[in-house]
Amino acid sequence: MEIRNKFLKGLKEYVVISFGMFLYCFSWTSFLTPHDVVGGGVAGLAAVIQIATGGFVEMWLPYMIINVGLVILGTIVLGRGFGFKTIYCILFASLLYKILPDLIPWVADISEPFLVALVGGAIGAVGISIIFTQGGSTGGTDIVALIVSKYREVSPGKVFMICDLLIVGSMAFVSKENGGGLQAVIYGYLQMMSFSFSLDYILMGSKQSVQMLIFSPKYQEIADALVNTMDRGVTAFDGVGWYTKHTNKILIVVAKKHQLSEINKVIKNIDKTAFISVTQAMGVYGRGFDEIKGGGKIQWKRKQNESLV
């Protein structure tokens, strides 16, 4: 029974990953490359090659060759193999880039490349976010970042940015007859912005948190209601209203963004005149939120430094 459950779980993950990869590749074959719009990553580099050669070298071929080469190089340099999900995504994406133009010959009839870049980037972000939620990875510049980080004190994010800027910027050297030039570079950067914003919004949207300051003479009723009905922690501290010179309790509540409207409803049911201030929390760590990461590494460094003294 346990083996059967594991098999079904694994099968479900690969079905979901396949659907996400389909959306990602569809954004390229039906939106971006037919309108000579490129983006970042190995897919963007493969698209540049296809556009530069006038379609003589199809996108699937350089995508597969570059990714397989990076996986081999990463294994040699980093001394470890990459997960089967990564290899599956690379091979499946290569297959989709090959068959999708014939399987779904439909091309977005949007005449404005600006809109094509935005819509294509957003659809690709949806596909990639689905892949990430199932533990999948498309490889590519992820491997480049790991290799560079091994020898240089450079953050992976900076490596991604440099790679993507260079890849999209290379469209400036492609002839205008083939769809290149400065205009293509600008649209490529727009695609990158749309993709990054959409991906962050999808992946982090459910994790976004807010911090609320609640000012009300009925603070005790509000605090009890939030603790008992919303299962939210509440902290109270003394405050003085400088206009009235009255001392009162100020409530602090940290909650998920999607809970904001429900918390407001609870407060307004108790005190319609309550004053509420809401700010976006960049990061919340602790019980009920994200875990604090990196503690073990910091402790190891401290012990190492102490041993050198």
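As shown above, the structure is provided for reference.
Residues numbered from 1 in each chain as written. Predicted model: local features only at pLDDT ≥ 70, side-chain atom pairs only at ≥ 80, totals over all residues. Heavy atoms only, no water.

J.: It is not clear to me how the environment of Tyr14 should be interpreted in this structure. Could you clarify?
T.: For Tyr14, the position within the fold is in helix α1 (residues 2–32). A relative accessible area of 23% means that Tyr14 is categorised as partly exposed. Non-local contacts of Tyr14, meaning those with residues more than four positions away in its chain, are made with Phe84, Lys85 and Tyr88. (Helix = DSSP H or I, 4+ residues; strand = E, 2+ residues; numbered from the N terminus. Buried < 20%, exposed > 50% of the residue type's maximum accessible area, 1.4 Å probe, protein only. Contact = heavy atoms within 4.5 Å.)

J.: I'm lost on the layout of surface pockets in this one. Help?
T.: Rolled over the atoms, a probe with the dimensions of a water molecule shows which regions are left empty. Quantified by volume, the largest pocket comes out at close to 670 Å³. Along its surface, the largest pocket is lined by 25 residues, and Thr141, Asp142, Asp164, Phe195 and Leu199 are the ones closest to its centre. Those elements that place two or more of their residues in the lining of the largest pocket are α1, α2 (41–52), α3 (60–78), α5 (113–133), α6 (141–151), α7 (156–169) and α8 (182–204). Tallying contributions element by element places α8 first for the lining of the largest pocket, with eight residues. Lining the second largest pocket are 16 residues, and of these Thr29, Thr33, Gln50, Tyr97 and Pro101 lie nearest its centre. Of all the secondary-structure elements, those providing two or more residues to the lining of the second largest pocket are α1 and α4 (84–103). Its residues assigned to classes, the lining of the second largest pocket comprises eight nonpolar, five polar and three charged. (1 Å grid on protein atoms, 1.4 Å probe; cavity = no way out; pocket = protein on both sides within 12 Å on 5 of 7 lines; lining within 4 Å. Points joined across faces, edges and corners; volume = space filled by probe spheres on them. Nonpolar A, V, L, I, M, F, W, Y, C, P; charged D, E, K, R; others polar.)

J.: Help me understand the packing of helix α9 (residues 219–229) against helix α10 (residues 260–270), please; the structure alone is not making it clear to me.
T.: When two helices pack together, you describe them by how their axes are tilted relative to each other and by the distance separating the axes. With their axes 10 Å apart at the nearest point, α9 and α10 run at an angle of 140° to one another. In the crossing of α9 with α10, the sense of the turn from one axis to the other is right-handed. Touching Glu221, Ile222, Ala225, Leu226 and Thr229 of α9 are Ile263, Val266, Ile267 and Ile270, all from α10. (Axes fitted to C-alpha atoms, helices over the stretch in contact; angles between N-to-C directions. Left-handed = near helix turned anticlockwise from the far one by under 90°.)

J.: What should I look at first to understand the pairing of strand β3 (residues 246–256) in this one?
T.: Look at any regular strand and the pattern is simple: side chains alternate between the two faces of the sheet. Relative to β3, strand β1 (residues 209–215) is paired through seven bridges, and the arrangement is antiparallel. The partner of Leu213 across the bridge, within β3, is Ile252. The sheet contact formed by strand β2 (residues 234–241) and β3 spans eight bridges and is antiparallel. Across the sheet, the residue bridging to Asp238 is Lys249, located in β3. Where β2 hands over to β3, the hairpin turn is made up of four residues, of which Lys245 adopts a positive phi near 65°. (Pairing = 2+ DSSP bridges.)

J.: Explain the state of the cysteines to me, please; I cannot follow it from the model alone.
T.: Cysteine pairs can be linked by a disulfide, which is a covalent bond between their two sulfur atoms. Per the stated rule, a full pass over the model turns up zero disulfides. Here Cys25 is not disulfide-linked; the sulfur of Cys89 is the nearest cysteine sulfur, at 9.4 Å. Residue class for Cys89 comes out buried when judged on its relative accessible area of 1%. (Disulfide = S-S within 2.5 Å.)

J.: Would you take a moment to explain a nonpolar patch on the surface for this structure?
T.: Taken together, the side chains of Val68, Ile72, Ile76, Phe84, Ile87 and Leu91 make up a nonpolar region of the molecular surface, amounting to roughly 570 Å² of accessible area. At the level of elements, α3 and α4 are the ones that each hand at least two residues to the nonpolar patch. One can find Leu91 in helix α4. (Patch = residues over 30% accessible without salt bridge, like charges linked within 9 Å, V, L, I, M, F, W, Y side chains within 5 Å. Areas by Shrake-Rupley, 256 points an atom, 1.4 Å probe, with all protein chains shown as cover. Salt bridge = Lys/Arg side-chain N within 4 Å of Asp/Glu carboxyl O.)

J.: Before we go on, may I ask you to explain the side chain of Asp271 in this structure?
T.: Looking at the secondary structure, you find Asp271 in the loop between α10 and β4 (275–281). No salt bridge forms around the buried Asp271; measuring N to O, its nearest opposite-charge neighbour Lys218 is 5.3 Å away. Look past the residues within four positions of Asp271 in its chain and what remains in contact with it is Ser216, Pro217, Lys218 and Ile222. (Lys, Arg positive; Asp, Glu negative; His and termini not counted.)

J.: What exactly am I supposed to notice about α4 here?
T.: One full turn of an α-helix is made of 3.6 residues, so residues set three or four places apart face in the same direction. Relative to the 28 Å expected for 20 residues at 1.5 Å per residue, α4 spans 26 Å between its end C-alpha atoms, a close match to the ideal helical length. Along α4, the sharpest kink reaches roughly 30°, centred on Tyr97 and followed within four residues by the proline Pro101. Every buried residue of α4 is listed here: Lys85, Thr86, Cys89, Ile90, Ala93, Ser94, Leu96, Tyr97 and Leu100. (Expected span 1.5 Å × (residues − 1). Bend = angle between axes of the 7 residues up to and from the residue.)

J.: Honestly, the packing of α3 against α6 in this entry has me stumped. Any pointers?
T.: Relative to each other, α3 and α6 sit at 25°, their axes nearing to 9 Å. With respect to α6, the element α3 is oriented roughly parallel. Regarding α3 and α6, the two cross each other, and that crossing is left-handed. Of the residues in α6, those touching α3 at Leu70, Val71, Leu73, Gly74, Val77 and Leu78 are Ile143, Val144, Leu146, Ile147, Lys150 and Tyr151. Here the contact of α3 with α6 is composed, by residue class, of 10 nonpolar, one polar and one charged. (Parallel < 35°, antiparallel > 145°, perpendicular 65-115°, else oblique.)

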